[in-house]
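Overview (structure and organization)
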Amino acid sequence: MAGTGKAHLRDSPDVLLRIEDLVVEFPVGRTGLKVNAVSGISLDVLRGETLGLVGESGCGKSTTGRAIMQLPRPTSGSVVFEGSELTRLTGDEMREARTRMQMIFQDPISSLNPRRKVRQIVMEPLNIWKRGTDAERSQKVDSILEEVGIDPTRAAESQPHQFSGGQCQRISIARSLVLDPSLIICDEPVSALDVSVQAQVLNLLEDLKAEYGLTLIFIAHDLAVVKNISDRVAVMYLGKICEVAPSDVLYENPAHHYTSVLLNSIPVPDPEVAVTKTAIEGEPPSPVLPPPGCRFNPRCPAAQDICRTEEPQLRAVGDGHFVACHFPTVTPVELSTR
Amino acid sequence: MTTTIDATTAPEDAAAPLPAAPTPPAKKRKLKWPGFGIVFAVGFLGSLTFLAIFADYLSFIPYPDAKIPGPDGRPGRYEWGPGTAAWFGTDGVSGDVFSKVIYGARTSLQVGIFATVFGILVGGFLGVIAGYFRGWVDRIVMIITDCLLALPALLLAIILVDRLSDLAEDASWLGWLSRKWTIVITLGILATAPLARIVRAQTLSLREREFVLAARSLGAKPGRVMFREILPNLIPAILTVGFTGLSILIAAEGALAFLGLGVEVGTPTWGKLIDENRNKIDEAWWATIFPCLMLFLTVLSFNIIGDRLSRRFDIRQAGV
């Protein structure tokens, strides 16, 4: 797994965001080594679509999200958003472009400034960009706060720590919506919340998506969460993409060995069911010195010699279903129409 | 039909007037006594500040240059001990020690406060930009602060006061630079280094928080991120360090005055009072001990307040 290739990219006029060969590396101190956080991934998102990005901790999901925002700028690769190449924009142009895409973060409390009033936090984007008059700003902020289920009068006099985690996440969502973005990158928005609150926040996101015509990139490590909200899911492992498929197909018919293992790791909420599934062994290798060939080969049950030397490319195994594996669990479709 | 409803058929609570919703018992907020130390510190500094500001209008404080006649009716040296004639006794020129201590507080507090403000403005600014931008800005700021911290503070202060005074005499445009402001600038420069370091350290950790990333992703410029997002979170640390630093600076002003690098002749300060009267401590302890006591209590009070602030802000900080 863990392959490169662009077979899964679509050639549609509706493409809102297109990432090609995105690479993000961080230097390790002064050793000359580098962490290969993201190693050449390509993705595209259509307008109005929700792309799920899953993988275990440290596989580069969040880094990908941040690299799309150019925070920090990727080491190489191209990010085309609404027709403009973000990696070539100057600082000021990029600031402008960021208003069209927003981020929601994992830790709802840390993502809000603890020393400011909630209403001010939500109004901040409008103040930065000096949009509208004071009255228009207040009206907009109030209506969005109400929409996400936060009482505007309470927000005017409270600080973030006076709200619960779920409420803080709603506030973050409100803040990301005030600038009317077209793309929202949700970086594990519900993983810090209780399960019951998770559902509420997810429903809110779905409702808002429909209402505002948003496109979402939904980053998560919880497959159950991604399944419901995503149209298309990309599975990442150690900075590479293993598999891309429509949500239903991926869950019913995973083609990559890693995806199967991930799906098997979803707990079954029934104590009677015997645990028969095989768990994955070992830890993911260090992204400083990734294994040659397929990056999953040291842990893959089906690994053979070729996996240790040659990196698999993404290829079609079904309609809109792509996998980067030499020995997928599903028979590849030769000469796919795409 | 309505007539058939009587007391026996009607639901009981429909007939009876609705009992007033039970009012929650008035929250008994137990007034917590804030502790002796803090009450003392605030009370002491409050009354000292009050006396220092309004000394001219309070009849029980003589002017510092007034001569108090001795028991024989003529001014002399150290004639009165602490008592009714002069509360803290008189000094070597028949001046009233209490009055000189109060007028001395003016200079000492002013020098301490202005120097701290100077340190906070300069040190805070340097610390924030060093911590936020990192890289070469950080290097330069750190080299400056390391140099300041590496030199012995007292030596540096003596040299600076001396140099600045020379400068003020030579350059006509520096006419405003009286001895007092020379000392303020000197002490302010000394206060810059520790403040810059602490602010930088805090900024380094704050800049990694997600709300900073959120602000940047909203398109905020670096200046806005630093002053609207990071700075409000630095205020507790700055206040705490500022208050503790203030006490050190007041003591430092005393030390400089003691070494003869005090403010203009004729203006009493605690350090000068101690310096002038210490040789006579055997015969007239009051003239030395009372200025010392004032210095000690002031420093202690600022320390107590600084300590208290640091504890108070810490709890919330840990909670979020």
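Right, let's walk through the structure included here. Bear in mind the structure is a predicted one, so any value in this text is a computation, not a measurement. In every chain, residue numbers begin from 1 and rise along the written sequence. As a convention, the first chain written is A and the first ligand written is 1, with the rest following in written order. The predicted origin of the model limits local features to residues at a pLDDT of at least 70 and limits the giving and counting of side-chain atom pairs to 80 or more, whereas totals for whole chains, interfaces and linings rest on all residues.

**Considering helix H7 (residues 195–212) of chain A**
Residues and elements named next belong to chain A.
- With 18 residues, H7 extends 26 Å from end C-alpha to end C-alpha; this agrees with the ideal 26 Å at 1.5 Å per step.
- The exposure scheme places C-beta atoms from the backbone and then counts, for each residue, the other C-beta atoms within 10 Å of its own, assigning buried at 20 or more, exposed at 12 or fewer, and partly exposed in between. In this text, helices come from DSSP runs of H or I with a minimum length of four residues, and strands from runs of E with a minimum of two, each type numbered from the N-terminal end. The complete set of buried residues in H7 reads Val201, Leu205 and Leu208. Angular distribution of buried residues about the axis of H7 spans 70 degrees; they occupy a single face of the element. Every exposed residue of H7 that faces more than 90 degrees away from the buried side is listed here: Val195, Ser196, Asn203, Asp207, Ala210 and Glu211.
- Residues are scored as being in contact if the C-beta atoms we place from backbone atoms lie within 7 Å. Along its buried surface, H7 packs onto helix H6 (165–177), strand S7 (183–187) and helix H8 (223–229).
- Phi turns positive one or two residues past the end of H7, at Gly213, with a value near 60 degrees. A helix's residues, less one, multiplied by 1.5 Å, set its expected span. The directions considered for the arc are those from the helix axis to the C-beta atoms.

**With respect to the sheet that holds strand S5 (residues 84–85) of chain A**
All names here are of chain A.
- Note on pairing: two strands pair once DSSP finds at least 2 bridges between them. Read from one edge to the other, the open sheet built from four strands follows the order S2-S1-S4-S5, with strand pairing classed as antiparallel. The open sheet has two edge strands with one neighbour each: strand S2 (34–46) and S5.
- By the bridge criterion, two bridges tie strand S4 (residues 76–81) to S5 in an arrangement that is antiparallel. When the sheet's bridge partners are listed, Phe81 is paired in S5 with Ser84.
- Angles here are taken between N-to-C directions and fall from 0 to 180 degrees, while the axes themselves are lines fitted to C-alpha atoms, restricted in helices to the stretch in contact. Strand contacts of helix H1 (residues 61–68): strand S1 (15–27), S2 and S4, with the helix running at about 115 degrees to S1, the strand carrying the most contacts.

**Focus on the interface of chain A and chain B**
- Listed by partner, the interface residues are 23 residues for chain A and 16 residues for chain B.
- Sorting the residues of the side of chain A that touches chain B by element identifies helix H2 (91–98), strand S6 (101–104) and helix H3 (118–129) of chain A as the ones contributing at least two each.
- Here the element with the most residues in the side of chain A that touches chain B is H3 of chain A; it accounts for four residues.
- Along the lines of polarity and charge, the residues of the side of chain A that touches chain B split into 10 nonpolar, six polar and seven charged. Ten residues, namely Ala, Val, Leu, Ile, Met, Phe, Trp, Tyr, Cys and Pro, are considered nonpolar, four, namely Asp, Glu, Lys and Arg, are considered charged, and the remaining ones, Gly among them, are considered polar.

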